[in-house]
Structure formats: structure tokens, C-alpha cells
Amino acid sequence: MRRALLSVSDKTGLVEFAQTLLAQDFEIVSTGGTQAALAAAGVAVTPIEDVTHFPEMLDGRVKTLNPLVFGGILARRDNPEHQQTLVDHAITPIDLVCVNLYPFAETIAQPDVTLAAAVEQIDIGGPSLIRAAAKNYRDVLVVCDPADYDQVGHALAEHTDDLRFRKHLAAKVFHHTAHYDAVIATYLTDDAKPDTLTLTYKRKQALRYGENPQQTATFYQDYRPAPFSIAAANQLHGKPLSFNNIKDADAALGLIREFSEPTVVALKHMNPCGIGSAVDLSTAWDKCYAADNISIFGGIIVLNRPVDLATATKMHKLFLEIIIAPAFDDDAYDVLAKKKNLRLLTVDFSAAQDPEPDELVSVRGGLLRQERDNVLDDPADFQVVSHAQPTADQLAAISFGLKAIKFVKSNAILINTADQTLGVGPGQMNRIDAVKIAVGKAETKPNYDQGVLVSDAFFPMDDCVAYAAEHGIPAIAEPGGSIRDKDSIAMADKLGVALIFTGNRHFRH
């Protein structure tokens, strides 16, 4: 008779799996709560104490850490010396180990959990058991996931538990314990810059392809995704998200959290093409749409208020990829859901201002980690360096633009009013080209005379000031800090433009 050791925290499917093992002529050995659950269900089970000849001790912290258990798991069946050792010490081989671990991640997700309570959910024996079984996978079948019970039972019944199958389950164990340890390490680490950065993610979904059809891709989520994130979004309607959808939607969420008043953001290829704010959502949509009624086609839309019927009716007229909002009114949803491919998502906006983790960017051979650009540009810190002084309306427009410019690819130029973008010049190799693009888009707008220009970084020369002033821009904001700042200041004074140094750079590569 073969022996199976069962010790599980998650008892989903436990009794049925144990019955399957009994039908395959296994003796079942079990611990504590698992043994009690099996016995209550009428399953024949041997207490672990009958194997170890020691009682569970230290509040259950020690129950399986014993040579009579680990010898039975780790002994190689093809090694005569190992087999003789088992005989010499009266150790019965263990042929199957089924263990899942204490719910550490679920415990720390509780809002009021204490460190002491979390520490008690650090499993010691469980990882040791399945790691030992996984190491000896040629001789021991290891199961760490209740989702695998059916296929393990089938493999045993059909005698298809070959080395490939066993190796697959063993690899799953090491992924599982690595994830488990990474969660614990992250929780216990106070150092913001640890020498070893241990990350863990779980697969959320396979994607049709990556940025292009020839690239494969998968979406992995954090083990505890932030509520205000695409990983935690609830998709109400439409086809699955693509690789590019996910990246764009993530960028759109980062931008919308900058605004507290009713705001609509349209985003394309990681850059905002329109932003509008107003006293109500429908008017904010009008401003967003008017900001660039061409680029918005096929765009990602995020709104920071529940979508009402009036706004939904306007959006329904366009081809859009995704609409993200805190909620959709029933009649608004009915209108938008008529488009079968339009993806409708809700996200928990109540968590929009929660602290965000650092950004991680993969590079060949490594990873970059940085704090997010969460600085709030305060007009009280602005330095007016020109003779011309900005008006209160222009300062309000600059504040609006600085919220948005952080999410425009560098080199970035934005022309906007206090509640609407007019022209976006993103991602250029030189700054004057970005200015020309932004001006070219903005000067066709009827309220262009109310616009200001915001730059994500300093002007390396005075040509940007000159071009903007010659095209009617009355106020310009940039970080300052160039060795040629004096040239830009002199040009602003020559052309009567208000020039403000904000002191904060907002590169986004």
C-alpha cells in the first residue's frame, strides 16, 4: 500500500481527493485540522503522531518536521543505501504529498492585521514538505493546488503519472513557494532599496499577442493588485483587453487621478490627446472631444464620475476602444453596450489617491525602479522670471497643464486653458518640434487666445519662447535650469511674454 500525506489549509475538494486516493489503494496520513476534517467525513486517516511518535507541539508550529516524515519523502527508490536506511530506522516511504500553505497573503490583505498575526501565518512545515517532495519528484507525486486534484486523480487511475507529469507538478511547487516567500519578504522589508529585489506576479490572462501580432504576450498581475488599477478593473462589456489596451488604460488611470473636478481624458498610444474639465461630466466630455476630435478616434476614454446617459449618448457616436469610469448608469450602459466590441470597465476611484508603488521598467539584463512622479506643482513655488506677469487665469491654466504634462511622452509641450487641452506636442527628439506640433494643433481652436504653454523640461535655447510668442502664446511655464536660461528670459522680455520657472522637471521617456 502506498502512503499519502495530506496537510492543507484550503480544504476545498479535500474529502473527494482523499476518497480518490483511497480508491487507488493509498494509506492517508494527515495532520491537525486536515485530519479532523477527513475523520468527520468518514475518511480513514492515520494521525501524523502515529508516524512521528511525537505530539503536535508549540501551538501546531511543529508537527511534520521529523526524520520519519522527511526520510519517507526524500529517500530515493533507486538508491540501495537510501532504501536500507529506511529499513534500519523503520521509515515508511511517502509516495504522495498534498499540501497547501497558510493563507499569508489573504491575512495581510485584511485592513487591521497586526504584524504578530501575520507572522503566525508564515508556514514552515508546509513549504518544507512540498519542496522535499518536489525535489524527489521522480519517486513522490506532489500536489500544492486544489485545482490539480482532478487531473492527479485521473493520472493515478490511468497510470499516466509519468516523469513529465511529475516534473510539471514539481515545478509548480517551486513557483508556489517562491511566490509565497516573496510575499512574506516584501511584507517584512522596511528598506526602500533592498539589495535583492524579490517580485512576484500571477498570470491574469493570456493575450492574443503583444504590441504587434508577431509578438506573444501575457498579462501578469500583482499578488495583491491595487484597487485603482487595470489589474483590479471589472470589465462589464466587450472583447478582452489587448497588450496595448492595457498599457494605454494604465497610463489613462495615472493621468485621471490628477484631477478632482469632473474630468474626461482621451488617450492614444500612451499620450493624452484631449483632456476636459467642467462642472458636469457631459460638458467635460465636450471639452475633451473638442481638444482633438481627430486623434480621439479609436482612443481610450477615462472619466472620473459615473457615466450618465447624456455623456454616453455623445460617446456612442464615436469609435472608441475602451471607456473606464467609476460606474455606468443603467441607461448609459444600455446605450454603450450596443457596440459589442467596445470595452466598458469600472475601477474603484475611491482608491485613486492611495499611495502608489514604485514604477518598474524592464531593460535588457535588468530592471529599473523609481518613485512615481507624484510631485504637486504649487503656484506658490513658481518663479516669474520675466517682466511680464501672468494673470490669475494664466496661472490656473499652467496648474492644469502641469497635471497633464507628466503623462505626455518627452520631449513634451502642452498648450491648454484652465480646463481644456488645446494642443499636445509629444515625444519629439528636439523641443522646438514639439512646440510646433502643439501650436499647430492649438491655434485652430476658438479659445486659443486663452491658452498657455507648458513644457516638461527646460528650454535649451530661446527658439521655443520665440516661436510660441510669435504665435500668440501670452504665458509659458518651464522648469528652468538650463545654462542658457538667460537667453529664454531675454526673449520673453523682448516679446512681452510671461515666463514662469516651476522648478520641477517632468520627463516621461
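Reading guide: rules and limits
- Residues numbered from 1 in each chain as written.
- Predicted model: local features only at pLDDT ≥ 70, side-chain atom pairs only at ≥ 80, totals over all residues.
- Heavy atoms only, no water.
- Helix = DSSP H or I, 4+ residues; strand = E, 2+ residues; numbered from the N terminus.
- Rg over C-alpha atoms; globule rule 2.2 N^0.38 Å.
- Buried < 20%, exposed > 50% of the residue type's maximum accessible area, 1.4 Å probe, protein only.
- Contact = heavy atoms within 4.5 Å.
- Areas by Shrake-Rupley, 256 points an atom, 1.4 Å probe, with all protein chains shown as cover.
- Pairing = 2+ DSSP bridges.
- Axes fitted to C-alpha atoms, helices over the stretch in contact; angles between N-to-C directions.
- Parallel < 35°, antiparallel > 145°, perpendicular 65-115°, else oblique.
- Left-handed = near helix turned anticlockwise from the far one by under 90°.
- Nonpolar A, V, L, I, M, F, W, Y, C, P; charged D, E, K, R; others polar.
- Phe/Tyr/Trp six-rings, centres within 6.5 Å; stacked < 30°, edge-to-face > 60°.
- Patch = residues over 30% accessible without salt bridge, like charges linked within 9 Å, V, L, I, M, F, W, Y side chains within 5 Å.
- Salt bridge = Lys/Arg side-chain N within 4 Å of Asp/Glu carboxyl O.

As recorded by an unreviewed UniProt entry, the protein chain carries the name Bifunctional purine biosynthesis protein PurH and is attributed to Levilactobacillus angrenensis.

A.B. asks: What should I look at first to understand the overall build of the protein chain in this one?
C.D. replies: For the protein chain, the count of helices and strands is 18 helices and 21 strands. For 509 residues, the compact-globule estimate of 2.2 N^0.38 gives 23 Å, and the C-alpha radius of gyration of the protein chain, at 31 Å, exceeds that figure by more than 25%. Principal-axis analysis of the C-alpha atoms places the extent of the protein chain at approximately 100 × 50 × 45 Å. Taking all 509 residues of the protein chain together, 47% fall into the buried category. A sequence separation of at least 24 residues applies to 54% of the contacts in the protein chain between residues at least 6 apart. On the protein chain, roughly 24,900 Å² of surface is accessible, and the fraction owed to carbon and sulfur atoms is 52%.

A.B. asks: Teacher, can you tell me more about the sheet that holds strand β13 (residues 343-346) here?
C.D. replies: Sheet strands pair via backbone hydrogen bonds, and the direction of the pair is either parallel or antiparallel. If you trace the 6 strands from one edge of the open sheet to the other, you get β8-β13-β12-β11-β9-β10, paired in mixed fashion. Both outer strands of the open sheet, β8 (234-237) and β10 (271-277), are each paired with one neighbouring strand and no more. Neighbour-to-neighbour, the strand axes of this sheet turn through a mean angle of 20°, independent of strand direction. Strands in contact with helix α12 (residues 281-291) are β9 (263-268), β10, β11 (299-303) and β12 (320-325); relative to β10, the strand with the most contacts, it is inclined by about 140°.

A.B. asks: Looking at this structure, how should I read the packing of α12 against helix α13 (residues 309-316)?
C.D. replies: Each pair of packed helices can be described by the angle between their axes along with the distance between the axes. Remark: α12 packs on α13, axes separated minimally by 8 Å, with the N-to-C direction vectors making an angle of 25°. It follows that α12 is roughly parallel to α13 by the angle criterion. Along this stretch, α12 crosses α13, giving a crossing that reads as right-handed. Packed against α12, whose contacting residues are Leu281, Ser282, Trp285 and Asp286, the element α13 presents Ala310, Thr311, Lys314 and Met315 at the interface. Residue composition of the contact of α12 with α13, by class: 4 nonpolar, 2 polar and 2 charged.

A.B. asks: Whenever I open this one, the packing of aromatic side chains confuses me. Can you help?
C.D. replies: Tallied over the full model, the rule gives 6 aromatic pairs. A ring pair is formed by Phe228 and Phe349, whose centres lie 5.1 Å apart and whose planes are at 75°; its orientation type is edge-to-face. Residue Phe228 is located in the loop between β7 (217-222) and β8, and its partner Phe349 is located in the loop between β13 and β14 (359-363); the two are separated by 121 residues in the primary sequence. An angle of 20° between the planes, with centres 6.1 Å apart, marks the rings of Trp285 and Tyr289 as stacked. Note that Trp285 and Tyr289 are positioned in helix α12 at a spacing of 4 residues, about one turn of the helix. Assessed through its relative accessible area of 31%, Tyr289 is described here as partly exposed.

A.B. asks: Can you help me understand a nonpolar patch on the surface in this one?
C.D. replies: Residues Leu197, Leu199, Tyr201, Tyr220, Leu360 and Leu367 make up a contiguous nonpolar surface patch of about 520 Å² in total accessible area. Locating Tyr220 in the fold gives a position in strand β7. Assessed through its relative accessible area of 45%, Tyr220 is described here as partly exposed.

A.B. asks: Any chance you could explain the sheet that holds strand β18 (residues 421-425) here in plain terms?
C.D. replies: An order of β16-β21-β20-β19-β17-β18 is seen for the 6 strands of this open sheet, with the pairing classed as mixed. Strands with a single pairing partner mark the edges of an open sheet, and in this sheet they are β16 (383-384) and β18. Bridging between β16 and strand β21 (residues 498-501) involves 2 bridges; their strand directions are antiparallel. Across the sheet, Val384 pairs through a bridge with Ile500, a residue of β21. Sheet strands in contact with helix α18 (residues 485-495) are β20 (475-478) and β21, and its direction is about 150° off that of β21.

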